[in-house]
Amino acid sequence: NPIDHITHKGTHYFLFNFKWPRTFGFDFAGIVEEADDDQMFKKGDRVFGQIAGLPQRGTGTVANYIVVSKKYCVKIPENISFIQASAMPLVSITAFNALKLCGISTNSDTNKKPRVLVTGGAGGVGSQAIQMAKNIFNASFVVTTASSGKKETLCKTLGADMVIDYKTKKFEMELLCEGEDDKKFDAIVDCTGEAWKCIKLLKKGGGMCSITT
């Protein structure tokens with residue numbers, strides 16, 4: 001994750017009161033070596049998750065062994081590899097929270113099916129946001145940006161209804177051409193630092209969340 005790279009470069013050294021040297025990493029996937037007696041997990045279970053709080057010395061997940069609360073663990077589905085599982089927690093939580101902050105609902109009983117724009121749909125958060133928009137937030141239409149080829153195909157496979165090649169087109173102009181307010185977006189998740197380009201694409205009363213700083 002970007003936050004892991006930032007920590008690794010030492011950017012946080014003077015910002016936080018950590019024990020140094022730090023062990024970094026939020027996400028984990030591995031095999032249970034020891035568990036308590038409540039039968040929730042047992043030795044040998046494949047689990048994944050994310051630590052609580054910021055990684056410090058002894059709690060970061062870039063390590064051979066970690067100790068983590070069971071409430072931050074879930075079993076890995078049989079059709080998911082360790083690598084796939086370890087890539088999911090932080091980006092999934094970020095994508096879900098970003099969509100929630102946009103003000104759209106997960107209530108499948110509502111008649112409102114939002115239109116959603118996700119910039120950078122082939123990235124970690126973007127790829128999760130596309131799937132969640134469709135399958136959890138019941139979006140009627142999901143647009144994303146990605147380069148043509150493999151990344152475009154990936155986004156469509158994940159559920160994007162429209163993929164705009166940001167290398168050859170200005171997505172803000174392509175989508176603005178649709179014009180009417182009902183063609184604008186109820187929720188916009190910015191994963192590429194282009195929130196300023198999206199303002200005119202936001203429907204009145206809609207919400208936008210950017211994960212970039």
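Keep in mind that what you see is a predicted model, and the values were worked out from it rather than measured.

S.K.: I'd like a description of helix 3 (residues 89-101), backed by residues and values.
M.R.: Between the first and last C-alpha of helix 3 there are 18 Å, a value that for 13 residues agrees with the 18 Å anticipated at 1.5 Å per step. Among the residues making up helix 3, those that are buried are Pro89, Leu90, Val91, Ser92, Ala95, Ala98 and Leu99. Residue Gly103 follows helix 3 closely and has a positive phi angle near 95°.

S.K.: Account for the packing of aromatic side chains, with residues named and values stated.
M.R.: Tallied over the entire structure, the rule returns one aromatic pair. Between the aromatic rings of Phe96 and Phe137, the centroid separation amounts to 5.5 Å while the plane-to-plane angle is 45°, which identifies the pairing as tilted. Here Phe96, found in helix 3, pairs with Phe137, found in the loop between helix 4 (124-135) and strand 5 (141-145); they are 41 residues apart in sequence, far enough to count as distant. Judged by relative accessible area, Phe137 falls into the buried class, the value being 0%. Above the ring of Phe82, the side-chain terminus of Arg46 is found at 5.0 Å from the ring centroid.

S.K.: Report on the sheet that holds strand 4 (residues 115-119), specifying residues and quantitative values.
M.R.: Spatially, 6-5-4-7-8 is the arrangement adopted by the five strands of the open sheet, whose pairing is parallel. The strands lining the two open edges of the sheet, one partner per strand, are strand 6 (162-164) and strand 8 (202-210). Across the sheet, the mean angle from the axis of one strand to that of its neighbour is 15°, orientation sign disregarded. As paired strands, strand 4 and strand 5 are joined by four bridges and run parallel to one another. Residue pairing across strands places Val116 opposite Val142, the latter belonging to strand 5. Helix 4 contacts strand 4 and strand 5 of the sheet and is inclined by roughly 170° relative to strand 5.

S.K.: Describe the sheet that holds strand 1 (residues 27-31), with residues and values.
M.R.: Across the sheet, which stays open at both edges, the three strands sit in the order 1-2-3 with antiparallel pairing between neighbours. With partners counted over all chains shown, the strands left at the sheet margins are strand 1 and strand 3 (73-75), one partner each. When the angles between neighbouring strand axes are averaged without regard to direction, this sheet yields 25°. Relative to strand 2 (residues 46-50), strand 1 is paired through five bridges, and the arrangement is antiparallel. The residue of strand 2 that forms the bridge with Phe28 is Gly49. Contacts between helix 3 and the sheet are confined to strand 1 and strand 2, with strand 2 contributing the most and set at about 50° to the helix.

S.K.: Mind laying out unusual backbone geometry, listing which residues take part and the relevant values?
M.R.: Although it is not a glycine, Gln39 adopts a positive phi angle of roughly 70°. Take Gln39: it is sitting in the loop between strand 1 and strand 2. Since its relative accessible area comes to 68%, Gln39 is described here as exposed.

S.K.: Lay out the packing of helix 3 against helix 4 in plain terms, naming residues and giving numbers.
M.R.: The axes of two packed helices give the description: the angle between them and the distance between them. Where helix 3 contacts helix 4, the axes come no closer than 8 Å and their chain directions differ by 55°. Looking at the two axes, helix 3 sits oblique to helix 4. Crossing handedness for the pair helix 3 and helix 4: right-handed. Contact residues: helix 3 offers Val91, Ser92, Thr94, Ala95, Phe96 and Leu99, while helix 4 offers Gly124, Val125, Gln128, Ala129, Met132 and Ala133.

S.K.: Break down the nonpolar core for me, citing the residues and quoting the values.
M.R.: The biggest cluster of nonpolar side chains holds 25 residues, and the ones touching the most others in it are Leu99, Val116 and Val189. Of all the elements in the fold, those that place two or more residues in this core are helix 3, strand 4, helix 4, helix 5 (150-158) and strand 7 (185-190). No other element matches the five residues that helix 4 contributes to this core. Discounting residues that sit within four places of it in the chain, Val116 has contacts with Leu99, Ile104, Ala133, Ala139, Phe141, Val142, Val143, Phe185 and Ala187.

S.K.: Tell me what's going on with the side chain of Asp186, and back it up with residues and numbers.
M.R.: With respect to the helices and strands, Asp186 occurs in strand 7. With a relative accessible area of 7%, Asp186 lands in the buried category. Looking at Asp186, its side chain comes within polar contact range of the side chain of Lys112, at 3.0 Å. There is a polar contact of 2.8 Å between the side chain of Asp186 and the backbone nitrogen of Arg115. If we skip the residues at most four places from it in the chain, Asp186 touches Cys102, Ile104, Lys112, Pro114, Arg115, Leu202, Lys203, Gly206 and Gly207.

Parameters at a glance
- Residues numbered from 1 in each chain as written.
- Predicted model: local features only at pLDDT ≥ 70, side-chain atom pairs only at ≥ 80, totals over all residues.
- Heavy atoms only, no water.
- Helix = DSSP H or I, 4+ residues; strand = E, 2+ residues; numbered from the N terminus.
- Expected span 1.5 Å × (residues − 1).
- Buried < 20%, exposed > 50% of the residue type's maximum accessible area, 1.4 Å probe, protein only.
- Phe/Tyr/Trp six-rings, centres within 6.5 Å; stacked < 30°, edge-to-face > 60°.
- Lys NZ or Arg CZ within 6 Å of the ring centre and 35° of its normal.
- Pairing = 2+ DSSP bridges.
- Axes fitted to C-alpha atoms, helices over the stretch in contact; angles between N-to-C directions.
- Contact = heavy atoms within 4.5 Å.
- Parallel < 35°, antiparallel > 145°, perpendicular 65-115°, else oblique.
- Left-handed = near helix turned anticlockwise from the far one by under 90°.
- Core = buried A, V, L, I, M, F, W, Y, C linked by side-chain atoms within 4.5 Å.
- Polar contact = N/O pair within 3.5 Å; in protein donor to acceptor, adjacent residues only side chain to side chain.

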